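Next come the chains, spelled out residue by residue.
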Amino acid sequence: MAGCLFGVGVGPGDPELLTLKAVRLIRENEIIAVPGENPVDSIAYKIALLAVPELAEKSLLAVPMPMTKDPILLKESHDRAAEIVEDVLKTGKNVVFLTLGDPTVYSTYLYVHKRVLNHGYGAEIVSGISSFCAAAATLSIGLVEKAEELHVIPASYQIEEALKLPGTKVLMKAGKKMKQVRELLMQQECDVFMVENCGMENQKIYIGANQIPEDAGYYSLIIVKEKED
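Residues numbered from 1 in each chain as written. Predicted model: local features only at pLDDT ≥ 70, side-chain atom pairs only at ≥ 80, totals over all residues. Heavy atoms only, no water.

Enquirer: How do you make sense of the overall build of the protein when you look at a structure like this?
Expert: Helix and strand content of the protein: six helices and 10 strands. Here the C-alpha atoms of the protein give a radius of gyration of 19 Å, agreeing with the 17 Å that 2.2 N^0.38 yields for 229 residues. Its C-alpha atoms give the protein principal-axis dimensions of roughly 60 × 35 × 35 Å. Within the protein, the proportion of its 229 residues that are buried is 47%. Summarising the internal contacts of the protein: among those between residues at least 6 apart in sequence, 68% fall at separations of at least 24. Taken as a whole, the protein presents about 12000 Å² of accessible surface, with 52% of it coming from carbon and sulfur. (Helix = DSSP H or I, 4+ residues; strand = E, 2+ residues; numbered from the N terminus. Rg over C-alpha atoms; globule rule 2.2 N^0.38 Å. Buried < 20%, exposed > 50% of the residue type's maximum accessible area, 1.4 Å probe, protein only. Contact = heavy atoms within 4.5 Å. Areas by Shrake-Rupley, 256 points an atom, 1.4 Å probe, with all protein chains shown as cover.)

If you want it as C-alpha cells, here you go:
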C-alpha cells in the first residue's frame, strides 16, 4: 500500500503558531520533505525545528524549487518534485512536506500536491496560519470589518489596477519590485502597514508607505487599508 503525502503549513515564522496537527504529523512520520537544495537551510525547516526538536532526527527529503517565472523551467521542476515524493510513497511511507504559511496561499507545494493526486496517490493539505493573518495580529489591526472586501495580491506583477479595488489589499511577494510598489503606494490615499519577517527574531514593522525600505527582504508583507472617515 502506498504512503500519503501531507502538505503541512508551518505558519509565517513564530514556531508557537504551528498547529497541533502539524506537530503531530511531524512527530509521527519519518520522511520530511523540505523545499530547496539543502533542507536544513530552509526557513520552513528552521521554524518547525523550534516547535518539534525531534525533527532533527528525521530523514530529510530535499525538493529543489528554483525561483523562476519561466513556465518551462517551472513545469520541469514541479514534475521532478512530484517524482521525488512519489519515489518514497511507492515504498509505503508517508511524506510530510513542510511549507511556509498556509499551503493553499501562493505555495509551491500545491503544484506537487496536484501532480501526486493525479498520479493516483493520496495527498492531504494541513492548514497553517497565513502570513497576512499573522501580520494583522502583529500590527493589532483587523483585516476586514462589516462588508469590507479582502484582496490578496501578488505584488511582483502589475498591481496598479488591483490597488483601485475597494476594501483591504494584502500585497505579497513584492520581492525585487519593492521600490516600484512603494512608489505606487505613496500616490494612494490609504493607510499602509508592512511587516518584514513576521514572527521571526528579526521582525520589523513599518507604518506608512514612505517608511518602507526599498531593499526590504523577501518575507515582507504589506497591508493596505482605506482611510477611515
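Enquirer: What is the right way to read the pairing of strand β7 (residues 168-172) from this model?
Expert: Along any regular strand, the residues point their side chains to alternate faces of the sheet. Taking burial as the measure, the five residues of β7 include five buried ones, the bulk of the element. Burial of the side chains of β7 extends over both faces: T168, V170 and M172 are buried on one face and K169 and L171 on the other. Pairing geometry for strand β6 (residues 150-154) and β7, over five bridges, is parallel. Its bridge partner being in β7, V152 is matched across the sheet by V170. Pairing analysis gives three bridges linking β7 to strand β10 (residues 220-226), with the strands arranged antiparallel. The residue bridging V170 from the neighbouring strand is I223, located in β10. (Pairing = 2+ DSSP bridges.)

Enquirer: Which parts of the structure should I look at to understand the packing of aromatic side chains?
Expert: Pairs of aromatic rings are described using the distance from one ring centre to the other and the angle between the two planes. Evaluated as defined, the whole model comprises two aromatic pairs. Aromatic side chains F97 and Y109 sit 5.2 Å apart centroid to centroid with 55° between the ring planes, which places their arrangement in the tilted category. Note that F97 is positioned in strand β4 (residues 95-99) and Y109 in helix α4 (residues 109-118), a separation of 12 residues in sequence. Both residues of the pair, F97 and Y109, count as buried. (Phe/Tyr/Trp six-rings, centres within 6.5 Å; stacked < 30°, edge-to-face > 60°.)

Enquirer: Could you clarify how one ought to interpret the sheet that holds strand β1 (residues 4-9) in this entry?
Expert: The pairing of strands in a sheet comes from backbone hydrogen bonds and takes either a parallel or an antiparallel form. Strand order in the open sheet formed by five strands is β3-β2-β4-β1-β5, and the pairing between neighbours is parallel. This sheet does not close on itself; its edge strands, each paired only once, are β3 (59-63) and β5 (122-126). Along the sheet, successive strands turn relative to each other by an average axial angle of 25°, direction set aside. Of the strand pairs in this sheet, β1 and β4 are connected by five bridges, and their pairing is parallel. Bridging across to β4, L5 finds its partner in V95. Together, β1, β2 (31-35), β4 and β5 form the strand contacts of helix α1 (residues 20-28), whose direction differs from that of β1 by roughly 135°. On the sheet, helix α2 (residues 43-51) packs against β2, β3 and β4 and is oriented at approximately 105° with respect to β4. (Axes fitted to C-alpha atoms, helices over the stretch in contact; angles between N-to-C directions.)

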